[in-house]
Amino acid sequence: MPEAAWLLLSSLLALAMVWWVYSPALHGPFALDDFANILDNAHIRVEAEQPFDIVGIFRDNAQGLFGRPLSMVSFAADGYLSGFTPYRFKIVNLIIHLGVASSLFFLTWLLLLGRARIQRQDSAEKFASWLSLLVVAVWALHPLNLTPAVYVVQRMTSLSSLMMVLGMIAYAWARLQMGRPEHSRSPLTYFSFWLSVPVFGILALEAKEIGTLLPLYICVIEAGIFRFAASSKGQKRALLAFHVAYVLLPCVLGLAWVAGHVESLMAQYGLRDFSLGQRLLTEPRALWFYLRLILAPYVSDMGLFHDDFPASTGLSQPMSTLPALLGILALLGVAGFALRKGYLLGFGVAWFLCGHLLESTFLPLELVFEHRNYLPSYGILLPLLAGLAGARPLVISRFLKYSIVIAVALFFGFGTHLRALGWSDGTVLAMTEADNHPRSMRANFEAGRTFHKAFVDGGFEWSYEKAFDYYSRANRLDPLHPASLTGLIALNYYAGKPIEESWLSRLQLVARSAKFYADRTNFIRPLDECQAAGTCRLPEGYIEQLFLSTLANPGLLPVHKAQFLAMYGEYKANRLHQYAQAIPLLEQAIQGYAGEFSFHSSLIQVRIGLKQFDRARQELDSLSISSDSYGHKKEIEGLRIQIAEGLTHAKPSDVTTVGEMRAKP
């Protein structure tokens, strides 16, 4: 059989193995951020009898800095065709993962060919395709890359990565063609070279903001592989112009944008439990943690939650902070030295660090997330595996070299399969996450909430015991996190178990004194729903006292105070039917955070309920022409219909639901 046929067959077998390894997770449920971004996102829900409005979905979504419309359209299409069942979404995620792997194969082949030709190593070209297959197989089967493939919302990462890799392929192919006089001036080479960044960069950016890294990845490819080699002065000028236009200029503009948004970036740190300085000190430790997971991927160290990874509060707190920082500086030095020498290690280290420039530096994001290594991990695997394959035959035979790489791929695949089995069931996933990270408050709380739901659905005593244990552990880990207390209260009420009086008093104390972050502001809603359903029998006026205690919290940030004012106003309207008293609360919420559409919507609904149609229409007209209405065309039209038809008739009591107890502003 010809070698090309063997390569094709081996590639298909590798793809089949990747599919099999991940396949158990296809049957799992939606998880965590899937609900807010997909299931509860009205902007991507298109009814089966309606036309699929791509333009409207592009326009109406405002995820992230640039909206991420490409990702949101893909979610909307999945929901439109499948009725929002997780199986369809996960299949598409896995197909995209296979697409990234296939694209990385072609990119690796081009890079190895380019390196061999620049260094005049003709023998290396012969094995470039097989080495590319082995490298990408190891990458695709690596346990660290599981979440972009099976955690639906992380399609944003894999889809953006796919667009970036395609852009890099276009650039690398053009650079190879530029080394051939007969092809260097062809229109296809010209367009592939100049359009690699604008076309694929925009597509990557429309999927997720990490797409802004494409020019930097290409710069690493040029410095580490092609080394700015040019066969003519015209090519040298073209290379200079390319990197000035697509690398230097965007970097300058990006720094200028950051300089102009320092105040808003710093304000977002108020929503975190760490400062900018603490994040910058912590991220070097996080990078070494990622490197350890890439090189020694223990599944028990991985997970959705890494809030058990403590922030660095100083150079010696914890003790690993200063060594980690010095280690990253040394790694930069190694990368610079290796790049000058033309070693593939320099390319790999530069690629890894480039991939973390956006999400592991100054932006006010979570400290640690595994999906940030989706493309960066490739930079570590490529030089290691290529170095092994390039070892001299006297040191290690070719058969043994490739056997070791295949064994590594199988080992990684086994670990990934174990993780995929956990993702096949929501209860197993929650329990595994909490047991692997016993000091993670979020993992324990999510496990408690999962078993709480299982107890409500099935009524099994063991589910209650599990839920109680995980809620209690979460509360011990972070006594100032109110949701674990509300979980214990609602759980025991449902189970007919006694409620400790200290839980109620402690919850009020936490509401009055704790610092609230983004994940702590929705703690009243479960008790409100439980009380409304008749399951909870809280003391009279207790929920209203919780609102008052929270609003009296001296450390409450303005954005969170606005949110609680809006929730309190909605509670007044929905539960107490005190519509007139709800209006000033909602007006205060709008004054505190005018950019939240839901606050305006709730106020307009209350005015409709009070038959204040003129005021409601005026506020709706004003809202329609403001930037706050972006992405809310359907809601605005619905409010117009309510005003026009007088749906609430003549009585304020006809209004039963105003807005929602929203989780975030």
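Fair warning: this is a prediction, and the values are worked out from it, not measured in the lab. In this numbering scheme, every chain counts its residues from 1 along its sequence in written order. Selection of residues for local features in this predicted model requires a pLDDT of at least 70, selection of side-chain atom pairs for listing and counting requires 80 or more, and totals for whole chains, interfaces and linings are taken over all residues. Hydrogens are left out, water is left out, and the side-chain values use all remaining heavy atoms of the structure.

1. Quick word on the packing of aromatic side chains
And step 1. A pair of Phe, Tyr and Trp rings is counted when the ring centres sit within 6.5 Å of each other, with Trp represented by its six-membered ring. The angle between the planes then sorts it: under 30 degrees is stacked, over 60 is edge-to-face, the rest tilted. By the definition in use, this model includes 34 aromatic pairs.
And step 2. With centroids separated by 5.1 Å and ring planes inclined at 20 degrees, the aromatic side chains of Phe 547 and Tyr 568 adopt a geometry described as stacked. Taken as a pair, Phe 547 in helix H25 (residues 542-551) and Tyr 568 in helix H26 (residues 558-574) lie far apart in primary sequence, 21 residues in all.
And step 3. Plain terms: the ring middles of Phe 547 and Tyr 571 are 5.6 Å apart, the flat faces sit at 45 degrees to each other, and that makes the pair tilted. Placement of the pair is Phe 547 in helix H25 and Tyr 571 in helix H26, with a sequence separation of 24 residues.
And step 4. A simple rule labels every residue: compare its accessible area, found with a 1.4 Å probe on the protein chains alone, to the largest value its type can have, and call it buried under 20%, exposed over 50%, or partly exposed in between. When its relative accessible area of 0% is taken as the criterion, Phe 547 is described as buried.
And step 5. Assessed through its relative accessible area of 10%, Tyr 571 is described here as buried.
And step 6. Taken together, the aromatic side chains of Tyr 171, Phe 193, Trp 194, Phe 242 and Tyr 246 make up a single cluster linked through ring pairs.
And step 7. Against the face of Tyr 464 rests Lys 497, its NZ or CZ located 5.1 Å from the ring centre. Strands here mean DSSP runs of E at least two residues long; helices mean DSSP runs of H or I at least four residues long; both are numbered from the N terminus. When the NZ atom of lysine or the CZ atom of arginine is within 6 Å of a ring's centre and also within 35 degrees of its normal, the charge is said to sit over that ring.

2. Remarks on the pattern of salt bridges
And step 1. By salt bridge we mean one thing: a side-chain nitrogen of Lys or Arg within 4 Å of a carboxyl oxygen of Asp or Glu. This structure, assessed with the given rule, holds 21 salt bridges.
And step 2. We note a salt bridge from Glu 461 to Lys 497, for which the minimum N-O separation is 3.4 Å. Separated by 36 residues along the polypeptide, Glu 461 in helix H21 (residues 461-477) and Lys 497 in the loop between helix H22 (482-495) and helix H23 (501-513) bring together distant segments of the chain.
And step 3. Relative accessible area serves as the criterion here: at 39%, Glu 461 is assigned to the partly exposed category.
And step 4. For Lys 497, a relative accessible area of 30% gives the class partly exposed.
And step 5. Here Glu 619 and Arg 615 are joined by a salt bridge, their closest N and O atoms 3.6 Å apart. Taken together, the residues Glu 619 and Arg 615, both in helix H29 (residues 613-624) and 4 residues apart, mark about one turn of the helix.
And step 6. Judged by its relative accessible area of 21%, Glu 619 falls in the partly exposed class.
And step 7. Within this structure, Glu 587, Arg 607, Arg 615 and Glu 619 form a network of salt bridges that share partners.

3. Structural notes on unusual backbone geometry
And step 1. Here the amide bond leading from Gln 317 into Pro 318 is cis, since omega sits at -5 degrees, within 30 degrees of zero.
And step 2. On the secondary structure map, Pro 318 appears in the loop between helix H14 (276-295) and helix H15 (321-341).
And step 3. Residues other than glycine seldom take positive phi values, yet Arg 227 does so here, at roughly 55 degrees.
And step 4. The topology assignment puts Arg 227 in the loop between helix H11 (214-226) and helix H12 (233-260).
And step 5. Residue class for Arg 227 comes out partly exposed when judged on its relative accessible area of 32%.
And step 6. The phi angle at Phe 228 is positive, at roughly 60 degrees, despite the residue not being glycine.
And step 7. By the secondary structure assignment, Phe 228 is in the loop between H11 and H12.
And step 8. Under the relative-accessibility criterion, Phe 228 is labelled partly exposed at 42%.

4. A closer look at the state of the cysteines
And step 1. In this description, a disulfide is simply a cysteine sulfur pair whose atoms lie within 2.5 Å. According to the stated counting rule, one finds 1 disulfide in the structure shown.
And step 2. In this model Cys 530 forms its disulfide with Cys 536; the gap between the sulfur atoms is 1.8 Å. Handedness of the Cys 530-Cys 536 disulfide follows from its S-S torsion of about 90 degrees: it is right-handed. Residue Cys 530 shares its accessibility class with Cys 536, and that shared class is buried.
And step 3. Of all cysteine sulfurs, the one in Cys 219 lies closest to Cys 251, which takes part in no disulfide; the gap is 8.0 Å.
And step 4. Not engaged in a disulfide, the cysteine Cys 354 finds its nearest cysteine sulfur in Cys 219; these two sulfurs lie 8.3 Å apart.

5. Quick notes on the nonpolar core
And step 1. Residues belong to one nonpolar core when they are buried, are Ala, Val, Leu, Ile, Met, Phe, Trp, Tyr or Cys, and are joined through side-chain atoms within 4.5 Å. Counting residues in each nonpolar core, the largest one holds 121 residues, and the members touching the most others are Leu 107 and Met 168.
And step 2. The contact definition used throughout considers only heavy atoms, calling two residues in contact when any of these lie within 4.5 Å. With residues near it in sequence (within four places) discarded, Met 168 still touches Leu 107, Leu 214, Tyr 217, Ile 218, Ile 221, Trp 351 and Leu 375.

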